[in-house]
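Given next are the chains, with one letter for each unit.
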Amino acid sequence: RLKVASKHLADGNKDQFYEETLRALWGYLSDKLGISVAELSRDKAQERLAEKNVEQELIEHFLRLIDDCEFARYAPSSGEEKMDELYKEAIDVISKLQQKLK
């Protein structure tokens, strides 16, 4: 999903980029925690990550990325720099979670 988001980033498709990045973040967490995306909420994600001994700072970073994606989808002006930064952060947070949730 992040590869698809990367393509949207390169093409400048803002809405599709943020939508695909959100899908990548939620989809990754859904797979790792064994919870369907439909049942996954911010509270449930936070609770389950804490149960898996993920640091609160990393949990908050993940949730902040979710918020940033959701906000940016509807913000009138969100430049490509912001999209590029958010993409890099998404890769970073997923990599860190991968180490914790092996």
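One can find the structure itself at the top, above this paragraph.
Residues numbered from 1 in each chain as written. Predicted model: local features only at pLDDT ≥ 70, side-chain atom pairs only at ≥ 80, totals over all residues. Heavy atoms only, no water.

Colleague: I keep staring at the pattern of salt bridges and nothing clicks. Help me out?
Modeller: Side-chain pairing between opposite charges can occur once the charged atoms of the two side chains come close. Under the counting rule described, the total for this entry stands at 11 salt bridges. As a salt-bridge pair, Glu 20 and Arg 23 come within 3.3 Å of each other at their nearest N and O atoms. In this pair, Glu 20 and Arg 23 are both assigned in helix H2 (residues 14-33), 3 residues apart and thus about one turn of the helix distant. For Arg 23, a relative accessible area of 40% corresponds to the partly exposed category. (Salt bridge = Lys/Arg side-chain N within 4 Å of Asp/Glu carboxyl O. Helix = DSSP H or I, 4+ residues; strand = E, 2+ residues; numbered from the N terminus. Buried < 20%, exposed > 50% of the residue type's maximum accessible area, 1.4 Å probe, protein only.)

Colleague: Could you clarify how one ought to interpret unusual backbone geometry in this entry?
Modeller: Even without being glycine, Asn 53 reaches a positive phi, approximately 60°. Locating Asn 53 in the fold gives a position in the loop between helix H3 (42-51) and helix H4 (56-74). Residue class for Asn 53 comes out exposed when judged on its relative accessible area of 64%.

Colleague: Which parts of the structure should I look at to understand the packing of aromatic side chains?
Modeller: When we look at a pair of aromatic rings, we describe it by the centre distance and by the angle of the planes. For the coordinates displayed, the defined rule picks out 3 aromatic pairs. Centre to centre, the rings of Phe 17 and Tyr 87 are 6.5 Å apart; their planes meet at 50°, and the pair counts as tilted. In this pair, Phe 17 sits in helix H2 while Tyr 87 sits in helix H5 (residues 80-100), placing the two residues 70 residues apart along the sequence. With relative accessibility at 0%, the residue Phe 17 sits in the buried group. (Phe/Tyr/Trp six-rings, centres within 6.5 Å; stacked < 30°, edge-to-face > 60°.)

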